[in-house]
Amino acid sequence: MKALCSPIVPIVVLLVAGSDVRAQAPVGTAFTYQGRLNSSGQPYTGSADIQFTLYDAAVGGHIVAGPYASGNVQVKDGLFTTTVDFGAEAFNGEARWLQIGVVTPAGGGDYIPLSPRQAILPTPYALKVPGIDGHSLNAADGDPIDALFVNNDGYVGIGTTSPLYALHVETTSDRAIYGRTQGTLGAYGISDNPNGCGVRGDATSPSGWNAGGVFNCWSSTPGASGVTGTAWAATGRTHGGAFESHSDKGYGVYGRARAPSGFTCGGYFESDSPFGIGVHGTGYWGGSFVSEAPIGGVGTGGSCRGGGEVGVGVYGHSDNTFGGGVMGCGDGPHTDGVVGLTNDGFGVEGIALLDGGIAGYFESREGNTAPALQTLGDALVQGRDWPGAGVESRLLLGDGNHYIKSVAGQGVRIGTYGAADLVRLQEGSGLVGIGRTPTAHKLEVEGNASKTAGSGAWEINSDARIKTDVRTVTHALDTLDRVRLVRFRYTDEYRCEHPVLADREYLNVIAQEFAEVFPDYVQASGEKLPDGSEILQVDPYPLTIYTAAAVQELHEQLKEKDAQIAELSSRLEKLETMMARLAERQDGGER
């Protein structure tokens, strides 16, 4: 059999429980459906099983409610009437369609779906009547409908029929919620959750000027606040107020003080806990504060007025591996990223609490030729326990293995870790030692010293105008003859104290013997033997001068010898000439 079902009147009508309106019985959710059923093009008469299914689309879509079956429905001349009940929740104001299935005669087999689906049209007396079913309320003039809606969970929606929270308000007007009171609080929010928020505001616009919350206070009474948030939970991460902005240029919290004079604050945050934080910001920039004052503006103002010895005006914290607790950025020419001012203390102070932490870090990026750190005035570096004896104050260089350090009571040291201090500037005396602690001379060197061949020299002032009692060195040969030049080795004990000394043969003089010839060129070195006596040192420079003088003396002697030899040669030549003549005479007389 080919069946076709269509409604006589395209409406859905409530099935009223009684005719006495005074009883004020609640309206049920069942409705009467009247339809016409044809078979093979002719009105059908007989019994039928009819099934109703509610969809959200004319074709395809999803089942909203059903199927609902009406069994053994009597059809006469194609007309029938039956009752259908999908419940009130099936109708929320959105369009609905009926899918009808028929079995004729009743009890005869599977339902045959009829096509097309029938649209459910509104009626003057619909399922949701303001004030009748207790689920929705229209505006006084009927528009908008569902101005107030209550779902089965008791959630109240204002401007929405799908409330997500106990009170859910949606509107396109300037204010979604407006509270005003002659009493204490215009709006009050409490959260008992350990991680909850009493009041939360989100600004979700992806662009434009938006703020998670704007709070104004027009009172001039001290202590009045535009916003006051309190979290009473004794534990957990609670918030007196939590504000968020999802815009790429938005503000979670925006505070502005509009008074043109006086000491005003756009935002004021305070913690009464001895270890609390007035403002705690997280993120790439934990907090951003901007001043647009034409002269002398301050982006961030921090003040600590506690009675304790230690207080912090501004506190920054970062848990990121390479994060920064406080970051300052100067975008304009000759601007400063961070400026610290103080009357009597530190303009900027950094403290490293854990081993491996660095109290301050300055970096000049690649391509920037300016120094990473510059001071106008003195820079002071002190050790942790300064000025205790032996305390080191270090300035590390490069990879940290090279240093310049000051040692309390000893002076300045320059060197590399893993080796002895290479250069030592002794405190008080100003003596400089290379590889050793200087004790007697302006410059003392442990080990060898050299220069590039053919360049430089050790020079001393030797102008005649600065000298008196000038005398020629004489008897140099006799003096040098009194100096004993020796070959020797240093003792094992002395080499242990001076590792630069190799275990080999050396050439020099004996200080005690040298003092007998040149007493002014032997003195104490500052080093001591185990018995406490001082080790003597010599200045071998007199050997150079006396050697030159000895050469001059030898030269004079050579010149005298040369003159004598020349005279003897002349006399010998004359003698040989005379002997030759005598020989000739003797030879002639004999002939």
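Description of the structure in this document. Numbering of residues begins from 1 in every chain and follows the order in which that chain's sequence is written. Owing to the predicted nature of the model, reporting of local features is limited to residues with pLDDT of at least 70; listing and counting of side-chain atom pairs is limited to 80 or more, with chain, interface and lining totals taken over all residues. No hydrogens and no water enter the side-chain calculation; it runs on all heavy atoms of the structure.

### Observations concerning the pattern of salt bridges
Rules: By convention in these notes, a salt bridge is any Lys or Arg side-chain nitrogen within 4 Å of a carboxyl oxygen on Asp or Glu. Runs of H or I in DSSP of at least four residues are treated as helices and runs of E of at least two as strands, each being numbered from the N terminus. Only protein chains enter the accessibility calculation, which uses a 1.4 Å probe. A residue is then buried if its area is under 20% of the maximum for its type, exposed if over 50%, and partly exposed in between.
In this structure the tally under the stated criterion is 16 salt bridges. For the salt bridge of R436 with E527, the shortest nitrogen-to-oxygen distance reads 3.2 Å. In this pair, R436 sits in the loop between β21 (432-434) and β22 (443-445) while E527 sits in strand β25 (residues 522-528), placing the two residues 91 residues apart along the sequence. Assigned by exposure class, R436 and E527 land together as buried. Connected via shared salt-bridge partners are E392, K405, R413 and D421.

### Re the packing of aromatic side chains
For the record, the criterion: Stacked, edge-to-face and tilted labels apply to pairs of Phe, Tyr and Trp rings (six-membered ring for Trp) whose centres lie within 6.5 Å, assigned for plane angles under 30 degrees, over 60, and everything in between, in that order. Whether a charge sits over a ring depends on NZ of Lys or CZ of Arg being within 6 Å of the ring centre and within 35 degrees of the ring normal.
Considering all chains together, one arrives at 12 aromatic pairs under this definition. The ring of Y55 has R117 sitting right over it, with the charged end atom 3.6 Å from the ring centre. For the cation-ring pair, R504 lies above Y506, with the distance from its terminal atom to the ring centre recorded as 3.9 Å.

### Some remarks on the pairing of strand β5 (residues 46-55)
Heads up, the condition is: The criterion for strand pairing is that DSSP finds at least two bridges linking the strands in question.
The buried fraction of β5 is high, at 9 of 10 residues. Of the pairings in the sheet, the one linking β5 to strand β6 (residues 63-75) comprises 8 bridges and is antiparallel in character. Within the sheet, the bridge partner assigned to L54 lies in β6 and is A65. Across 7 bridges, β5 lies against strand β8 (residues 97-103) in antiparallel orientation. Considered in β8, the bridge of D49 is made with V103.

### Quick notes on unusual backbone geometry
The omega torsion across T104 and P105 is -10°, close enough to zero to call that bond cis. Looking at where P105 falls in the secondary structure, it is placed in the loop between β8 and β9 (112-113). In this model, S115 is joined to P116 through a cis peptide bond whose omega is 0°. Inspection of the secondary structure assignment puts P116 in the loop between β9 and β10 (118-119). Residues other than glycine seldom take positive phi values, yet S40 does so here, at roughly 55°. Position of S40 among the secondary structure elements: in the loop between β3 (31-39) and β4 (42-43). For S40, a relative accessible area of 58% corresponds to the exposed category. Even without being a glycine, N72 presents a positive backbone phi close to 55°. Position of N72 among the secondary structure elements: in strand β6.

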